[in-house]
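For reference, the chains in residue letters:
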Amino acid sequence: MKAIVLSNWGGTENFAIQEVPIPTITPDDVLVKVRAFGVNPADFKTRAGTTPYSQNYTPPIILGWDMAGEVVEAGSNVTAFKPGDAVYGMVNFPQPGNAYAEYVAAPAAHLAHKPAELSFEEAAAAPLAVLTAWQSLTEHGHLKAGDRLLIQAASGGVGHLAVQLAKAIGAYVIGTASGKNEAFVRSLGVDEFIDYTTTDVEKAVQNVDLVFDTAGVDTVFKSAKVLKPNGHLISIAYGAMDKVLAIRPDITAERTQVHTSGSDLETINQFITDGKLKITVSEVLPADQIASAHQQLESRRTTGKIVLTF
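J.: Any chance you could explain the nonpolar core here in plain terms?
T.: Soluble globular proteins tend to pack their nonpolar side chains together in the buried interior. Core analysis: the biggest nonpolar cluster contains 88 residues, and Phe37, Tyr100, Leu111, Leu137, Leu149, Phe212 and Leu277 have the highest contact counts within it. With seven residues, the top contributor of residues to this core is helix α3 (residues 127–140). Of all hydrophobic cores here, the second largest spans 17 residues; its members include Ile174, Val220, Leu227 and Val244.

Right, here's the structure in full:
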């Protein structure tokens, strides 16, 4: 099979498409013929060798966690899936997922049935981002109907999904993005939009119950200022939480870490089937454009998700 192999840590010049053996499966795995795979910021950070995920790998390696495809073989212990089933998932995160390939061996517990409403490309764009949004808002933020929620970077891969999930839960949602993305963010259903390039968010927003900051460490201090006492700040950025709490000791602040869960994806499937959650794919590229995909992600100016196919 063909796979995108990273020969060493560093830049995108270390990627090459190579022929490698089709993986074997354990009794708890399924073998999936990949129809599309997604890329995430965790991918380019791992490629650079700068994240804790990198310690799980020794180059040459196959990166990637998000994928969608069809089951071609099921292990002897697997009852949820059979050959021919359309599936999607985030495989083995943060351990090696090997999703940049034509075939992937995946634990059945990491997969969900692909909703008929999603194309394979849309499904491949979803897992890491939608699980990050869902687990951050529900497991960590305990978001409930009527809560005032600020989502920083509401047009991004995680942010655009968090807006929709929060609205489905019944929260009042304030979303930030640059002005060029205002129409997109408003189409997601936000109650208020703030152009962070022209407006000081911490002056425009107050008394928020929960902030979900997907923008990074540069914004978490501003995010902390808008929370009411006993409010909750959730960030996907590394570091800074101790410094935030030194400034706002009357709030709770934490960094969340997404975990693989096929059962969470099955729960999220209902929002998709009900039309309450749509996955935005900004671009579908051929696999040999993996360098371009990573470079676009690193620009941090993408709207929605980038997906590739062999």
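J.: How should the pattern of salt bridges be read in this particular structure?
T.: Where charged atoms from two side chains of opposite charge come close, those side chains can pair. Enumeration over the complete set of coordinates arrives at eleven salt bridges. A salt bridge links Asp147 to Lys144; the shortest N-O distance between them is 3.1 Å. Note on Asp147: relative accessible area 9%, which makes it buried. We note a salt bridge from Asp209 to Lys228, for which the minimum N-O separation is 2.4 Å.

J.: Mind showing me how you'd approach unusual backbone geometry here?
T.: Note: most peptide bonds trans; most residues except glycine with negative phi. A cis amide bond, omega 0°, links Pro59 with the succeeding residue Pro60. By secondary structure assignment, the location of Pro60 is in the loop between α1 (41–48) and β4 (66–74). Omega for the bond connecting Phe93 with Pro94 falls within 30 degrees of zero, at 5°, which places this linkage in the cis form. Along the chain, the position of Pro94 falls in the loop between β5 (86–90) and β6 (103–107). Phi at Asn98 is positive, roughly 55°, even though this residue is not glycine. The residue Asn98 is located in the loop between β5 and β6 in this model. What makes Asn98 partly exposed here is its relative accessible area of 35%.

J.: Where do I start with helix α10 (residues 290–299) in this structure?
T.: Every α-helix winds through 3.6 residues per turn, so residues three or four apart in the chain are directed the same way. Taken together, the buried positions of α10 are occupied by Ile290, Ala293, His294 and Leu297. All buried residues of α10 project into a common sector of 95° when viewed along the axis, lining one side. The elements touched by buried residues of α10 are β1 (2–6), β2 (15–19), β3 (29–38), α1, β14 (281–286) and β15 (305–309). Just past α10, the residue Arg300 takes up positive phi, approximately 55°.

J.: What exactly am I supposed to notice about the packing of α1 against α10 here?
T.: Helix-helix packing is described using two parameters, namely the angle between the two axes and the distance between the axes. It is at 9 Å that the axes of α1 and α10 come closest, and there the two elements cross at 105°. With respect to each other, α1 and α10 are oriented roughly perpendicular. Taken together, the residues of α10 that come into contact with α1 (itself represented by Pro41, Asp43, Phe44 and Arg47) are His294, Leu297 and Glu298. Per-class residue counts for the contact of α1 with α10 are three nonpolar, one polar and three charged.

J.: Please clarify how the pairing of strand β9 (residues 172–177) should be interpreted in this entry.
T.: Along a regular strand, successive side chains alternate from one face of the sheet to the other. Buried residues dominate β9, accounting for five of its six residues. Summarising the sheet, strand β8 (residues 148–152) and β9 pair through four bridges and their orientation is parallel. When the bridges of β9 are listed, Leu149 appears paired with Val173. As for the winding sense of the linkage, the β-α-β connection from β8 through helix α4 (residues 159–169) to β9 is right-handed. Two strands pair when backbone bridges link them, and β9 and strand β10 (residues 192–195) are joined in this way by four bridges, in the parallel orientation. Residue pairing for β10: Ala177 is matched across the bridge by Asp195.

Reading the values: the criteria
- Residues numbered from 1 in each chain as written.
- Predicted model: local features only at pLDDT ≥ 70, side-chain atom pairs only at ≥ 80, totals over all residues.
- Heavy atoms only, no water.
- Core = buried A, V, L, I, M, F, W, Y, C linked by side-chain atoms within 4.5 Å.
- Buried < 20%, exposed > 50% of the residue type's maximum accessible area, 1.4 Å probe, protein only.
- Helix = DSSP H or I, 4+ residues; strand = E, 2+ residues; numbered from the N terminus.
- Salt bridge = Lys/Arg side-chain N within 4 Å of Asp/Glu carboxyl O.
- Arc of directions from axis to C-beta.
- Contact = heavy atoms within 4.5 Å.
- Axes fitted to C-alpha atoms, helices over the stretch in contact; angles between N-to-C directions.
- Parallel < 35°, antiparallel > 145°, perpendicular 65-115°, else oblique.
- Nonpolar A, V, L, I, M, F, W, Y, C, P; charged D, E, K, R; others polar.
- Pairing = 2+ DSSP bridges.
- Right-handed = clockwise from strand over helix to strand, strands pointing away.

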